[in-house]
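The chain contents come next:
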Amino acid sequence: MQTTLAPEYQNTPEGREAEAILRKCVHCGFCTATCPTYQLLGDELDGPRGRIYLIKQVLEGAPVTRKTQTHLDRCLTCRNCETTCPSGVQYGHLVDIGRAIVEEKVERPPEEKALRWLLKEGLTSPMFAPAMKLGQLMRPLLPAALKNKVPASGGARAHRWPTRQHPRKVLMLMGCVQPAMMPNINSATARVLDAAGIQTLVADDAGCCGAIRTHLSDAQGGLADMRRNIDAWWPLVAGLTDQGAVEAIVMNASGCGVTVKEYGHALAHDPDYADKAARVSALTRDLSELLPDLVPALKPRMGAIKAPALAFHPPCTLQHGQQLRGGVEAHLNALGFDVKLATSESHLCCGSAGTYSVLQPKLAYQLRDRKLSHLAPLQPQVIVSANIGCIQHLQTGTTTPVKHWVEVLDEALA
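Residue numbers run consecutively from 1 along every chain, following the written order of its sequence. Restriction of local features to residues with pLDDT of at least 70 applies here, the model being predicted, together with a cutoff of 80 or more for giving and counting side-chain atom pairs; totals for whole chains, interfaces and linings are based on all residues. Working from all heavy atoms in the structure, the side-chain values ignore hydrogens and water.

Draft legend 1. Broad picture of the overall build of the chain. By the criteria applied, helices consist of DSSP H or I runs no shorter than four residues and strands consist of E runs no shorter than two, each listed in order from the N terminus. Along the backbone of the chain there are 23 helices and eight strands. It is over C-alpha atoms that the radius of gyration is taken, and the globule rule equals 2.2 Å times the number of residues to the power 0.38. Taking 22 Å as the expected radius of gyration for a compact globule of 414 residues, we find that the chain reaches 21 Å, a close match to that expectation. If one aligns the C-alpha atoms of the chain with their principal axes, the spans along those axes are about 65 × 50 × 45 Å. Of the contacts formed within the chain by residues at least 6 apart in sequence, a portion of 73% connects residues at least 24 apart. Where accessible areas are quoted, they stem from the Shrake-Rupley method and a 1.4 Å probe; at the residue level, only the protein chains shown are allowed to cover. Accessible surface, the chain as shown: approximately 17,900 Å² in total, 55% of it carbon and sulfur. Contacts are assigned to residue pairs with any non-hydrogen atoms lying within 4.5 Å of each other.

Draft legend 2. View of helix α4 (residues 66–73). Relative accessibility under 20% of the residue-type maximum defines a buried residue, over 50% an exposed one, and the middle range a partly exposed one, all with a 1.4 Å probe and only protein chains included. Restricting attention to buried positions, one finds in α4 the residues T68, Q69, H71, L72 and D73. Each element contacted by the buried residues of α4 is listed here: α3 (48–59), α6 (91–105), α7 (110–122) and α20 (356–359).

Draft legend 3. Inspection of the layout of surface pockets at higher detail. Computed from the structure, the second largest pocket encloses a volume of approximately 590 Å³. Forming the boundary of the second largest pocket are 30 residues, of which A129, G175, C176, P179 and A180 lie nearest the centre. If you list the elements that add at least two residues to the lining of the second largest pocket, you get α8 (128–137), α10 (178–181) and α13 (219–237). Here the lining of the second largest pocket takes six residues from α8, the largest share from any one element. Of the residues contributing to the lining of the second largest pocket, the split by class is 18 nonpolar, eight polar and four charged. In this analysis a 1.4 Å probe is tested at points of a 1 Å grid over the protein atoms alone, and where it fits but cannot get out there is a cavity; an open set with protein on both sides within 12 Å along at least five of seven lines is a pocket; lining residues have an atom within 4 Å of a point. Grid points are joined across faces, edges and corners, and a volume is the space filled by probe spheres set on the points. Polar here means any residue outside two lists: the nonpolar Ala, Val, Leu, Ile, Met, Phe, Trp, Tyr, Cys and Pro, and the charged Asp, Glu, Lys and Arg; Gly therefore counts as polar.

Draft legend 4. Inspection of empty space enclosed by the protein at higher detail. The final tally for this structure, using the stated rule, is four cavities of 30 Å³ or more. Taken as a whole, the largest cavity spans an internal volume of roughly 120 Å³. The greatest single-element share of the lining of the largest cavity, amounting to three residues, is contributed by α3. Each residue belonging to the lining of the largest cavity can be placed in one class, and the counts come to 12 nonpolar, three polar and two charged. Counted as a void, the second largest cavity has a volume near 70 Å³.

Draft legend 5. Structural context of the sheet that holds strand β4 (residues 284–286). At least two bridges found by DSSP between two strands are what make those strands a pair. If you trace the four strands from one edge of the open sheet to the other, you get β2-β1-β3-β4, paired in parallel fashion. Both outer strands of the open sheet, β2 (198–201) and β4, are each paired with one neighbouring strand and no more. This sheet shows a mean twist of 40° between the axes of neighbouring strands, independent of strand direction. By the bridge criterion, two bridges tie strand β1 (residues 168–172) to strand β3 (residues 249–251) in an arrangement that is parallel. Note on β3: the bridge partner recorded for L171 is I249. All axes are obtained by fitting lines to C-alpha atoms, using only the stretch in contact for helices, and the reported angles, taken between N-to-C directions, cover 0 to 180 degrees. Along the sheet, α13 makes contact with β1, β2 and β3, crossing β3 at roughly 130°. Helix-sheet contacts for helix α16 (residues 274–283) involve β3 and β4, and the interaxial angle to β4 is about 30°.

Draft legend 6. Highlighting the sheet that holds strand β8 (residues 402–404). The sheet built from four strands is open, its strands ordered β6-β5-β7-β8 with parallel pairing. Edge positions in the open sheet fall to β6 (338–341) and β8, since each of these has one partner strand only. Here the average twist between neighbouring strands, direction ignored, is 35°. Across the face of the sheet, helix α19 (residues 327–334) comes into contact with β5 (309–312) and β6 while running at roughly 160° to β6. Sheet contacts for helix α22 (residues 388–395): β7 (382–385) and β8; angle to β8, the most-contacted strand, approximately 170°.

Draft legend 7. Structural detail: the environment of H347. Its location among the elements puts H347 in the loop between β6 and α20. Along the primary structure H347 and R325 are separated by 22 residues, whereas in three dimensions their C-alpha atoms are 9.9 Å apart. The residues contacting H347, other than those within four sequence positions of it, are T34, N80, Q319 and H320.

Draft legend 8. Structural context of the pairing of β1. In terms of burial, β1 is a largely internal element, four of the five residues being buried. Two strands pair when backbone bridges link them, and β1 and β2 are joined in this way by four bridges, in the parallel orientation. Bridge pairing in β2 places V170 opposite T200.

Written as structure tokens, this is what we have:
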């Protein structure tokens, strides 16, 4: 797609990157067939091709309107379009650039600004954990809309962390909301890795991966989160402690995983962090990428498990963002589980998409119900996924338990 950048974007890193991405787009429209919002709304401007055209106009100096902002806001950033695109258009990077520019040029209504600020600062705040604990205590009294966002307490097992030491060590990001909302995911991960002879280390000063601020158009805040994490991890990455160097940085939330794997891209223009960011990205693995190594070690310990029937919902950040497909199902089946994918639309987003379910609840719940309707024919005893956002969002629409796949594996080992 031929693009003539406006003078203010010429010779800027963002302008050059956006122009390179735009030039790859041939406007074929294949992406619209797999875009969740286009399927719901049927509006060209609520599909990737239309949004690409809007961003092109912005970069060429056209007036930026509230309408442009609305269409970009409705994008889930699921990146399904990247999987579909025959030309390799990196839509996710482009929409982040477009949103950041539009955010500077279009004034949001006060209530919208307040909500976005609250999400950006509240979800990443040290006060989130006590607020969540209070919400869990008051959960029976909360209105339905708020109760949906407050999962029940995880119980005592959620805080049982293995104490054995192993020569093999990995570093794990605890996440910003996960320790308070669903702490068992982290402890289950540590227990499963411990059973396979791998010790899980945590850097206390690491926090939000940067995705929340980045996707709320606070690019600088997102970069600050990334730099803080790199500083917290670097002694363990570089082997500067008594523990030695870790062999991987493990992510059990695929939304964090796709973000950390792109630290090298995000900080490529920062001379102080470019090399470190590239190293961190190269070391980062989704937990499912360890399964080929875990299966031989865990299989003898499984025994004759009575495995529940599992339906797996692959998060967009796993199957499209990280391009990891089939691994969870194949390796859990190899361990004796019965795991199935929905026969229809397993590639589509469930509507969670980070803070999207709060900012765009109508669309988010339509997508949730559509996803659950495709999982229901599998008659699962448990629905499993690989990202806390998907797990929490899907659970609000079903009485079937929704868990992280590592929790089900941990229960079987126990």
